[in-house]
Amino acid sequence: MAAEGGGKEMNEIKTQFTTREGLYKLLSHSEYSRPNRVPFNSQGSNPVRVSFVNVNDQSGNGDRLCFNVGRELYFYIYKGVRKAADLSKPIDKRIYKGTQPTCHDFNHLTATAESVSLLVGFSAGQVQLIDPIKKETSKLFNEERLIDKSRVTCVKWVPGSESLFLVAHSSGNMYLYNVEHTCGTTAPHYQLLKQGESFAVHTCKSKSTRNPLLKWTVGEGALNEFAFSPDGKFLACVSQDGFLRVFNFDSVELHGTMKSYFGGLLCVCWSPDGKYIVTGGEDDLVTVWSFVDCRVIARGHGHKSWVSVVAFDPYTTSVEESDPMEFSGSDEDFQDLHFGRDRANSTQSRLSKRNSTDSRPVSVTYRFGSVGQDTQLCLWDLTEDILFPHQPLSRARTHTNVMNATSPPAGSGGANPGSNGNSITTPGNSVPPPLPRSNSLPHSSVSNAGSKSSVMDGAIASGVSKFATLSLHDRKERHHEKDHKRNHSMGHISSKSSDKLNLVTKTKTDPAKTLGTPLCPRMEDVPLLEPLICKKIAHERLTVLIFLEDCIVTACQEGFICTWARPGKVGLLSSQNQANSPSGTVV
């Protein structure tokens, strides 16, 4: 299903493509860039990144866009498919000397039409907090580079927090900051909090509270990207050593790991319901990993070079069921999820409803996309036949309430159902042997008030025991040992002493020996996905892929941010765009 044709046709830049939903079209009038529209000379510069926020202003045009190009940072009103971009009027523009912006993130919780909080990471290691609406610079963190001197690779607000944010560096370290605290005038001193398989977490040792609150050392080499789960409870990290590591963020427990086929992993994202994680990297593959089973369930091959961004499309993820779906009592926690944008509640509800269905057959298709250094955009569908391949019932997992994709397997109803309200169903007390394949469909029942904490306790208790390299005997012993030693909340972390918290076995994983293991199955051992579409859409390597409700946003290293109207969106608005566009250009 790769791009058709050969020779010259293969090298043509595509301006539209068709999927089962219909025709996606590039809107030339909605292209954002530097005001002079001159392609940026990208040699040696940091990747162009794009961040969105909605400020909910009364005009109905509340989307705001931030992007970095070289030493410059721009903040615009984003008009999407509605109106043409006016590049002559950025709300804010900043040019930096001696350092370059590398990444940024808005706080969606505090954003208003009068004020937004934007974090910006830099190539020299600093992090700046700015308000591009008020044109204020409120704080600079790691100003003297006493905390970390390496490039900031990823910065994100902690979901649900107005003050906490997490910063990753190319040193392989992550730091938790609070905007209310200072960074001090001396280098921080650290005390070990917890260590385990290729990670360690330290607290900052000082008389008065200062930044950073925590220091994470993860893997070897650069920590390239991290992503919070939709409910904010888990953290997925990808590193230059080729490993995906998933942590329980509050308890600082390792939940599971995966190894790339080869090379470093560069990008990571969660499915809208938190059940699957997709990674991309230097093996030119996209890899789908099950959060519940802690195993690779599929790989996708369509790119001809490194994969730079992966992202799920919550608006195209589809659920088919006989009954109409709506929010139920068990879905109340979905109101608080923040995976990109808040307008995806209907998809979350549908996925949640699917996971709380007792016996009706349902069908789900997850849509995700990827862009790479090969200048190509790939779209992928993750379908039931890949997620739950049919196998003998004797191999079905029975430690959670399960059903076959088409009919309930015999003997699977004896487990205790439970839901944590966010569709992340984690195994409880039983620890079955690892299976190469599962034909069961985990789902959860309507939760009561007490089941949420008990399931999270189960997740904390069994998170490390699921690590693939430990033997079954080791895992069972470790599960009971940790039951009374868990630490739960950030508030208790500082009071814990390090000698009681070294709970995770320190075993060195040899990357050369991981191939053919559950950490990194051989290519023939897992399904290989083909892309729905694979199109060359830029002249330079692609660095951005964001799915919005009425469009897809991509960007390349030349500094051009492109808007692709979803099927049915451009036709309704083209006449309006013609009238409002200064240049009159309409695709």
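What you are looking at is a predicted structure, and each value in this text was computed from that prediction instead of being measured.

**Q** Explanation requested: the nonpolar core in the structure shown.
**A** Soluble globular proteins tend to bury their nonpolar side chains together. Tyr32, Val50, Phe52, Phe67, Tyr78 and Val553 are the most contacted members of the largest nonpolar core, which has 24 residues in total. Those elements giving two or more residues to this core turn out to be β2 (22-32), β3 (50-54), β4 (63-69), β5 (72-77), β33 (542-547), β34 (551-556) and β35 (561-565). The contacts of phenylalanine 67, once residues within four sequence positions are left out, are Tyr32, Ser33, Arg34, Arg49, Val50, Glu72, Leu73, Tyr74, Tyr76, His104 and Ile561.

**Q** Can you walk me through the UniProt feature "repeat: WD" (unreviewed entry) in the protein in this structure?
**A** Taking the UniProt record as the reference, the feature "repeat: WD" (unreviewed entry) is found at residues 258-290. Secondary structure across residues 258-290 divides into 0% helix and 61% strand, with the first and last C-alpha atoms of the span separated by 10 Å.

**Q** For this particular structure, what's the right way to read the pattern of salt bridges?
**A** For side chains of opposite charge, pairing can occur when their charged atoms come near one another. Scanning all chains against the criterion turns up 12 salt bridges. Its salt-bridge partner being glutamate 21, residue arginine 367 comes within 2.7 Å of it at the nearest N-O pair. Residue arginine 367 is located in strand β27 (residues 363-372), and its partner glutamate 21 is located in the loop between β1 (16-19) and β2; the two are separated by 346 residues in the primary sequence. Exposure remark for arginine 367: the relative accessible area of 0% places this residue in the buried category. We classify glutamate 21 as partly exposed; its relative accessible area is 27%. Of the charged contacts in the structure, one is a salt bridge between lysine 194 and glutamate 253, with a shortest N-O distance of 3.4 Å. In this pair, lysine 194 is assigned in strand β14 (residues 190-196) and glutamate 253 in strand β20 (residues 253-259), connecting sequence segments 59 residues apart. You can call lysine 194 buried: its relative accessible area is 0%. With a relative accessible area of 1%, glutamate 253 lands in the buried category. Taken together, the shared-partner salt bridges connect Arg20, Glu21, Arg367 and Asp381 into one network.

**Q** Can you help me understand the packing of aromatic side chains in this one?
**A** The geometry of an aromatic ring pair is captured by the separation of the ring centres together with the interplanar angle, meaning the angle of the planes. Scanning the model with the defined rule gives 26 aromatic pairs in all. Cation over ring: lysine 259 sits above phenylalanine 243, and NZ or CZ is 6.0 Å from the ring centre.

**Q** Hey, could you run me through the pairing of β5 in this one?
**A** Consecutive residues of a regular strand have side chains that alternate between opposite faces of the sheet. Here β5 lies mainly inside the structure; 5 of its 6 residues are buried. In this structure, β4 lies alongside β5, joined through 6 bridges in antiparallel fashion. Following the sheet pairing, leucine 65 is matched in β5 by tyrosine 76. Where β4 folds back on β5, the antiparallel hairpin that results is connected by 2 residues, among which glycine 70 adopts a positive phi of roughly 60°.

**Q** Whenever I open this one, the confidence of the model for the protein confuses me. Can you help?
**A** Predicted coordinates in regions of low pLDDT should not be interpreted in detail. Summary statistics for the protein give a mean pLDDT of 76 and a share of 67% for residues scoring 70 or more. Across residues 1-7, confidence stays below pLDDT 50; counting only partners more than four residues off in sequence or on other chains, it has 12 contacts. Note that residues 392-507 has pLDDT below 50 and, in this model, 241 contacts with residues that lie over four places away or in other chains.

**Q** What's the story with the sheet that holds strand β10 (residues 136-141) in this structure? I'm lost.
**A** A sheet is described by the order of its strands in space; here 4 strands give the open sequence β7-β8-β9-β10, paired in antiparallel fashion. Bordering the open sheet on either side are β7 (101-106) and β10, each of which pairs with just one other strand. Each neighbouring strand pair of the sheet contributes to a mean axis angle of 20°, computed without reference to strand direction. Relative to strand β8 (residues 118-122), β7 runs antiparallel, the two being bridged by 5 bridges. Looking across to β8, one finds that phenylalanine 106 is bridged to leucine 118.

**Q** Can you help me understand the sheet that holds β4 in this one?
**A** Sheet strands associate in pairs through backbone hydrogen bonding, adopting either a parallel or an antiparallel arrangement. Strands sit in the order β3-β4-β5-β6 across an open sheet of 4 strands; the sheet is antiparallel. The sheet terminates laterally at β3 and β6 (92-95), the two strands that pair on one side only. Direction aside, the axes of adjacent strands within the sheet are offset by 15° on average. Here β3 runs beside β4; their pairing, made up of 5 bridges, is antiparallel.

**Q** Help me understand the pairing of β8, please; the structure alone is not making it clear to me.
**A** Counting buried residues along β8, 5 of its 5 residues qualify, which places the element largely inside the surrounding structure. A two-sided burial pattern is seen for β8, the buried positions comprising Leu118, Val120 and Phe122 on one face and Leu119 and Gly121 on the other. Across 4 bridges, the pairing between β8 and strand β9 (residues 127-131) is antiparallel. Paired with valine 120 across the strands is glutamine 128, a residue of β9. What sits between the antiparallel neighbours β8 and β9 is a turn of 4 residues, in which glycine 125 has the positive phi angle 110°.

**Q** For this particular structure, what's the right way to read unusual backbone geometry?
**A** Glycine aside, negative phi is the norm for most residues, and most peptide bonds take the trans geometry. Put simply, asparagine 211 and proline 212 share a cis peptide bond, and its omega is -5°. With respect to the helices and strands, proline 212 occurs in the loop between β15 (199-204) and β16 (214-218). One non-glycine residue, arginine 37, lies in the positive phi region at around 60°. As for its placement among the helices and strands, arginine 37 is situated in the loop between β2 and β3.

**Q** Would you take a moment to explain the state of the cysteines for this structure?
**A** Counted by the stated rule, this structure contains 0 disulfides. Left unpaired, cysteine 267 is separated from the closest cysteine sulfur, that of cysteine 269, by 7.6 Å.

**Q** Can you help me understand the environment of tyrosine 276 in this one?
**A** Looking at where tyrosine 276 falls in the secondary structure, it is placed in strand β22 (residues 276-281). When the C-alpha positions of tyrosine 276 and tyrosine 366 are compared, they lie 9.6 Å apart, and in sequence the two are 90 residues distant. If we ignore the near neighbours within four places in the chain, the residues touching tyrosine 276 are Cys269, Trp270, Ser271, Val288, Trp289, Ser290, Phe291, Ile297, Phe312, Tyr366, Leu387 and Phe388.

Reading the values: the criteria
Residues numbered from 1 in each chain as written. Predicted model: local features only at pLDDT ≥ 70, side-chain atom pairs only at ≥ 80, totals over all residues. Heavy atoms only, no water. Core = buried A, V, L, I, M, F, W, Y, C linked by side-chain atoms within 4.5 Å. Buried < 20%, exposed > 50% of the residue type's maximum accessible area, 1.4 Å probe, protein only. Helix = DSSP H or I, 4+ residues; strand = E, 2+ residues; numbered from the N terminus. Contact = heavy atoms within 4.5 Å. UniProt positions renumbered as here; feature names shortened; annotations may be inferred. Salt bridge = Lys/Arg side-chain N within 4 Å of Asp/Glu carboxyl O. Phe/Tyr/Trp six-rings, centres within 6.5 Å; stacked < 30°, edge-to-face > 60°. Lys NZ or Arg CZ within 6 Å of the ring centre and 35° of its normal. Pairing = 2+ DSSP bridges. pLDDT = per-residue confidence, 0-100. Axes fitted to C-alpha atoms, helices over the stretch in contact; angles between N-to-C directions. Disulfide = S-S within 2.5 Å.

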